[in-house]
Amino acid sequence: MTTIKTVGIIGAGQMGAGIAQVCAQGGYDVLLYDASADAVKAALARTEKGLNRLVEKEVITQAQATDALSKLIPAGAISELKNCDLVIEAATEKEEVKNAIFKSVCEHLKPEALLASNTSSISITRLAAATDRPGKFIGLHFMNPVPIMKLVEIIRGIATDSDTYEIAVNFAKSLGKITANSEDFPAFIVNRILIPMINESIYTLYEGVGTVEAIDTGLKLGANHPMGPLELADFIGLDTVLAVMNVLYDGLADSKYRPCPLLTKYVEAGWLGRKTGRGFYDYRGEKPVPTR
């Protein structure tokens, strides 16, 4: 069985940076690659700030933070991942983008290297089929924010080897995570439940049943949710919410998964939530203000 020592992360956004951080904290050497070198620099800067906050809160020591940072190495080209034992793709939730990444990275990986996707909704079987190693391919769905959230969904494709599964589970546990197995169905477990709830909350706004504040207050105080569904949608990214709903709608052919037209409109406007400054809330002032 493959021994994981060096991990490659493709995608330096919020998820990729978070996965890179927990892998480094777990003692692995980490190569972080993104098509944008600036994205990698920004991710490493955010990671350093995040680790410093953990030191201030006495969650980790300064020595542990320094050691983790020393294990994070920016990769200037995807070919630099050639000696990785495990590569985790954490790019945007678009199948064509992921497939292009897998085609590119597989040219450089050693034969025994494992390949994983952090996809939150797309078929692992289908993604694996686009690679040269479907038996060594698996879904590792980390939750956002990765350094805080304990769960990792493990999704086996139809061709995933038993050894690959065992290695993936042990790897996730070595990061201090708790694993949950999901069958390879659209959106798996967490997002199969969570994202349609968010979509329904957007329909509730769209139909005028409640305002942004009323909907979020209702779920926070009435269902004891830590964040309201519209606030959570902005945190996740409305483009990601729409992408998952489209996977569910296309994959299950059930009208109950139809994305709300208001969600589509916000994405078309470029109002994607916190990352763009506007979504169901406007984040450009001193405090968030509802946009409807």
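For the structure, check the block above.
Remember, predicted model here, so these are calculated numbers, not experimental data.

## Comments concerning the nonpolar core
The nonpolar side chains of a soluble globular protein tend to be buried, and buried together.
Stage number 1. The biggest cluster of nonpolar side chains holds 40 residues, and the ones touching the most others in it are Val7, Ile88, Leu140, Phe142 and Phe171.
Stage number 2. If one sorts the elements of this core by residue count, helix H1 (residues 14–25) sits on top with 7 residues.
Stage number 3. Ile195, Val241, Leu242 and Tyr257 belong to the second largest nonpolar core, which has 25 residues in total.

## Description of the state of the cysteines
Stage number 1. Taken as a whole and assessed by the stated rule, the structure comprises 0 disulfides.
Stage number 2. Cysteine Cys23 is unpaired, with the sulfur of Cys84 as its nearest cysteine sulfur at 11 Å.
Stage number 3. Under the relative-accessibility criterion, Cys23 is labelled buried at 0%.
Stage number 4. No disulfide involves Cys106; its sulfur sits 13 Å from the nearest other cysteine sulfur, which is in Cys84.
Stage number 5. The class of Cys106 is buried, set by a relative accessible area of 9%.

## Overview of helix H7 (residues 190–206)
Stage number 1. For H7, which comprises 17 residues, the first-to-last C-alpha distance of 24 Å matches the rise-based estimate of 24 Å (1.5 Å per residue) to within 8%.
Stage number 2. Those residues of H7 that sit buried are Asn191, Ile195, Pro196, Ile198, Asn199, Ser201, Ile202, Tyr203 and Leu205.
Stage number 3. Among the structural elements, strand S6 (137–142), helix H8 (212–222), helix H9 (229–236), helix H10 (238–252) and helix H11 (261–269) are those in contact with the buried residues of H7.
Stage number 4. Where H7 ends, the next residue or the one after it, Gly208, has phi of about 80°, a positive value.

## Some details on the packing of aromatic side chains
Stage number 1. Enumeration over the complete set of coordinates arrives at 6 aromatic pairs.
Stage number 2. A ring pair is formed by Phe102 and Phe137, whose centres lie 5.2 Å apart and whose planes are at 90°; its orientation type is edge-to-face. Taken as a pair, Phe102 in helix H4 (residues 95–106) and Phe137 in strand S6 lie far apart in primary sequence, 35 residues in all.
Stage number 3. Owing to a relative accessible area of 0%, Phe102 belongs among the buried residues under this scheme.
Stage number 4. Ring geometry for Tyr266 versus Trp271: centroids 5.7 Å apart, planes at 90°, classification edge-to-face.
Stage number 5. With relative accessibility at 5%, the residue Tyr266 sits in the buried group.
Stage number 6. The rings of Tyr266, Trp271 and Phe280 are connected pair by pair, giving a single aromatic cluster.

## Considering the pairing of strand S1 (residues 6–10)
Stage number 1. Of all the 5 residues making up S1, 5 are buried; the element is thus mostly covered by neighbouring parts of the structure.
Stage number 2. With burial as the criterion, each face of S1 is covered, one bearing Thr6, Gly8 and Ile10 and the other bearing Val7 and Ile9.
Stage number 3. Sheet topology note: the S1/strand S2 (residues 29–33) ladder contains 5 bridges and is parallel. Among the inter-strand pairings, Ile9 is bridged to a residue of S2, identified as Leu32.
Stage number 4. Following the backbone out of S1, through H1 and into the adjacent parallel S2, one traces a crossover that is right-handed.
Stage number 5. Strand direction decides the pairing type here: S1 and strand S4 (residues 86–89), joined by 4 bridges, are parallel. Looking across to S4, one finds that Gly8 is bridged to Val87.

## Quick word on the side chain of His141
Stage number 1. Relative to the helices and strands, His141 is located in strand S6.
Stage number 2. Here Glu153 takes part through its side chain, which lies 2.7 Å from a polar atom of the side chain of His141.
Stage number 3. Residues within four places of His141 in sequence aside, it is in contact with Ser117, Asn118, Thr119, Ser120, Leu151, Val152, Glu153, Ile155 and Asn191.

Cut-offs used in this document
Residues numbered from 1 in each chain as written. Predicted model: local features only at pLDDT ≥ 70, side-chain atom pairs only at ≥ 80, totals over all residues. Heavy atoms only, no water. Core = buried A, V, L, I, M, F, W, Y, C linked by side-chain atoms within 4.5 Å. Buried < 20%, exposed > 50% of the residue type's maximum accessible area, 1.4 Å probe, protein only. Helix = DSSP H or I, 4+ residues; strand = E, 2+ residues; numbered from the N terminus. Disulfide = S-S within 2.5 Å. Expected span 1.5 Å × (residues − 1). Contact = heavy atoms within 4.5 Å. Phe/Tyr/Trp six-rings, centres within 6.5 Å; stacked < 30°, edge-to-face > 60°. Pairing = 2+ DSSP bridges. Right-handed = clockwise from strand over helix to strand, strands pointing away. Polar contact = N/O pair within 3.5 Å; in protein donor to acceptor, adjacent residues only side chain to side chain.

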